[in-house]
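Survey of secondary and tertiary structure
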Amino acid sequence: MQLSFTKMQGAGNDFVVIDATRTPFHATQDQLRRLGDRRLGVGADQILVVEGSDAPGVDFRYRIFNNSGDEVEHCGNGARCLVRFVHDKGLSAKKTLRVETVNNLLELRLQDDGRVTVDMNRPVFDLARVPFDAAGLASRKLADFELWPLALDGATVEVAVLSMGNPHAVQLVADVDTAPVAAIGPQVEQHPRFARKVNAGFMQVLARDAVRLRVHERDVGETLACGTGACAAVVAGIRLGLLDDTVEVHTRGGALRIEWSGGDAHVLMTGPAETVFEGTLTL
């Protein structure tokens, strides 16, 4: 199969984007793994497949695959790249798009400065919907949220648990540079209390309007940025009484602005999206 693709990145989170609006895209898990492999293929954190949609009021559908070949629910940085992609390819001239994922409906807005704002929908706090098994655990209440103990190899960490369309476990650290992301991240990700595994966030609070963040993403490992992880971290920080409603999240790949006014309000994420190169590959 001869495949045309676009390589894109948003705050260092990188993607292979496939236009399937005219011709359906079908690939095996092995082919997706090769496409995402940084030595044998193009290389990316995720592969995004952009499709048309027959749903009323919906402009596009897009599917998200980790570089392991597994399909996942949501990717905020990928959603921003989707907007730039459909504009650059002439697939839509709309500044505001409605896009469906496997379990969500997103509203995306291209700003005049080239950045993209994504309506990430409401955060989910119901532990059964994350999903997270809290049976037998005693949480620690901090302000308006709970921190849950997770027993790891030789240590116990406290995490705030929520979903942004995909599961997140956020822990507070004094310094993200020295946080044991490589050691603890995989243990949190694969902890048996998370039935579908989890993205493990490590957040350092700088001020009420600024944090630093590293995220070990499920099935991927640490990435330079994670959009849903940034949203989850800020929402957790607000409910824990540590942050205001608009926060600059500094990741290793760049800065993201996250806004959430609490309650049933939607989370808004604003950040960059850029094309790196285009090419073709035989799979």
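See above for the structure.
So, a few notes on the structure that sits alongside this text. (Residues numbered from 1 in each chain as written. Predicted model: local features only at pLDDT ≥ 70, side-chain atom pairs only at ≥ 80, totals over all residues. Heavy atoms only, no water.)

Structurally, Arg218 can be placed in the loop between β14 (210-217) and β15 (221-223). On the accessibility criterion, Arg218 (6% relative accessible area) is buried. Contacts of Arg218, omitting those with residues within four sequence positions, involve Asn66, Val72, Glu73, Asn166, Pro167, Glu189, Arg196, Lys197, Val198 and Asn199. (Helix = DSSP H or I, 4+ residues; strand = E, 2+ residues; numbered from the N terminus. Buried < 20%, exposed > 50% of the residue type's maximum accessible area, 1.4 Å probe, protein only. Contact = heavy atoms within 4.5 Å.)

If you look at soluble globular proteins, the nonpolar side chains tend to sit buried side by side. Tyr62, Leu108, Val170, Val249, Ile258 and Val267 are the most contacted members of the largest nonpolar core, which has 56 residues in total. No other element matches helix α4 (residues 227-239), which puts eight residues into this core. In this view, Tyr62 contacts Leu48, Val49, Val50, Cys75, Gly78, Ala79, Leu82, Val99, Glu100, Thr101 and Leu106; residues no more than four positions away in its chain are not counted. Counting residues in hydrophobic clusters, the runner-up holds 20 residues, among them Val157, Ala169, Val181 and Phe194. (Core = buried A, V, L, I, M, F, W, Y, C linked by side-chain atoms within 4.5 Å.)

Moving on, we come to the pairing of strand β4 (residues 60-66). For β4, the tally of buried residues reaches five of seven residues, placing the bulk of the element in the interior. As paired strands, strand β3 (residues 46-52) and β4 are joined by seven bridges and run antiparallel to one another. For Gly52, the partnering residue across the bridge sits in β4 and is Phe60. Where β4 lies against strand β6 (residues 96-100), two bridges are found, and the strand directions are parallel. Residue pairing in the sheet places Arg61 in a bridge with Glu100 of β6. Both β4 and strand β5 (residues 71-72) contribute to a ladder of two bridges, which runs antiparallel. Of the residues in β5, the one forming a bridge with Phe65 is Glu71. (Pairing = 2+ DSSP bridges.)

With an omega dihedral of -5°, the bond running from Val130 to Pro131 counts as a cis peptide bond. On the secondary structure map, Pro131 appears in the loop between β8 (116-119) and β9 (140-142). For Ala11, which is not a glycine, the phi torsion comes out positive at approximately 60°. One non-glycine residue, Lys197, lies in positive phi territory at about 65°. When you line up the elements, Lys197 lands in the loop between α3 (181-189) and β13 (199-207).

Purely geometric numbers; function is a separate question.
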